[in-house]
Amino acid sequence: MTVSEPAVAVAHPNIALVKYWGKRDEDLVLPFADSLSMTLDVFPTTTAVRLDPAAGADHVVMDGAVARGEVLHRTVRFLELVRERAGRRERAVVDTRNTVPVGAGLASSASGFAALALAAAHAYGLPGDSRALSRLARRGSGSAARSVFGGFVVWQAGTPDAPDPDQDSYAEPVTDARLDAALVAVVLESGPKPVSSREAMRHTVATAAPYRDWLADCRAALVRMREALRGGDMTTVGEIAEHNALGMHAAMEAARPAVRYRTAASDAVLGHVRALREEGVGAWATMDAGPNVKVLCAGADAGRIADRMRAVTGAPVVVARSGPGAGLRAEDA
Ligand code: PMV
């Protein structure tokens, strides 16, 4: 078998502080509004892509098991897009390794598609800068557009009447942020989520009346968040992030039938975060498409907040700080 040298890329998850929830274009993965996230320094995904000119189909291995079903389908569809852009036909052998539980609301799709986009673009010789890579990663999973960059990152929704909307929606780093923040992840469950974020978004947009208000609020929240990041104002960043996340979950829960990612265990953690604030500790909660709670705080407070969360929940707790953007690495697979 003649296979090329693999291209190996590493990317980290990101957690949104102003969330992306809802697409205005499902095919192109264009969101309704801008979102803002922090890329983490934990749970990297490493993906190797080799081209195999003799193969009749793509072969995908995820965490040591041959991928089938939806995972295979999404990966192949993404590779088709890369091949189309690169004007190439060879099939690929993809080997991807996550260090975060897949599908549990800890952003494995963000690190996964950012790593796949970089490795595949390199393997197929697709030219382009980081912005082009962010646009490409977006097509795999919206939040992946942000994991191309490190630190705080904004994903621009783009303007609906742009001549080429696909070109107009990409992430870019927030270069003027002056905040040392950490996210303390309380891992309540690590299994796959019952409803995919794709399905849940579609359903929220279509049936939840409060969604419109939440979306309008996101636009204002993003402007205030950027200002607070510039000013190093942890309290304002925390308050905006918690309000935005809880508003997103409230909108989902108002869908018919309701989409519920919050569990009784999540609610208990939210209570512990409130209790910390009442004691004067700067801690704010955020949640994604899963039951796990991430506690946003100043970097200096992360250790003691993690200790408290371990003590009161008994759950595994991971401290994440600001991490790097996606990068290529020497072959080691
Ligand atoms: O990129 P997706 O389709 O996995 O959507 C992610 C959506 C949230 O994580 C809930 C919010 C966000 O902005 O990351």
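Provided above is the structure to which this section pertains.
Residues numbered from 1 in each chain as written. Predicted model: local features only at pLDDT ≥ 70, side-chain atom pairs only at ≥ 80, totals over all residues. Heavy atoms only, no water.

## Structural notes on the site of the ligand
What counts is decided by this rule: Throughout, the term near means that a residue has one or more heavy atoms lying within 4 Å of the molecule or strand in question. Polar contact criterion, stated in full: a pair of N or O atoms within 3.5 Å, where within protein one must be able to donate a hydrogen and the other to accept it, and residues adjacent in sequence count only if both atoms are side-chain atoms. Each accessible area value is a Shrake-Rupley result obtained with a 1.4 Å probe; residue values ignore everything except the protein chains displayed when judging cover. Start and end positions for the domains come from either an automated domain assignment or a database one.
Around the ligand sit 14 residues in total, of which Y20, S109, S141, S143 and R146 are the nearest. S109 places a polar side-chain atom, nitrogen or oxygen, 3.1 Å from an oxygen atom of the ligand. At a separation of 2.9 Å, an oxygen atom of the ligand approaches a polar side-chain atom of S141. Out of a free accessible area of 380 Å², the ligand has 91% covered by protein chains. Residues from two domains meet in the shell around the ligand; each of domain 1 (7-175) and domain 2 (181-320) gives at least three.

## A closer look at the sheet that holds strand β6 (residues 45-52)
Stated formally: Here, any two strands with at least 2 DSSP bridges between them count as paired. A run of H or I in DSSP counts as a helix once it spans at least four residues, and a run of E counts as a strand once it spans at least two, with each numbered from the N terminus. Here, residues are in contact when the closest pair of their heavy atoms is within 4.5 Å. Orientation is described by axes fitted as lines to C-alpha atoms, over the contacting stretch for helices, and by angles from 0 to 180 degrees between their N-to-C directions.
Here six strands make up an open sheet; going across it, the order is β8-β7-β9-β6-β1-β16 and the pairing mixed. Two strands lie at the open edges of the sheet, namely β8 (65-66) and β16 (327-329), each paired on one side alone. Here strand β7 (residues 59-62) runs beside β8; their pairing, made up of two bridges, is antiparallel. Counterpart to V61 in the pairing with β8 is V66. Running over the sheet, helix α1 (residues 69-86) touches β7 and β9 (91-98) and is turned about 125 degrees from β9. On top of the sheet, helix α2 (residues 108-123) reaches β1 (7-11), β6, β9 and β16; it is set at about 35 degrees to β6, its chief contact.

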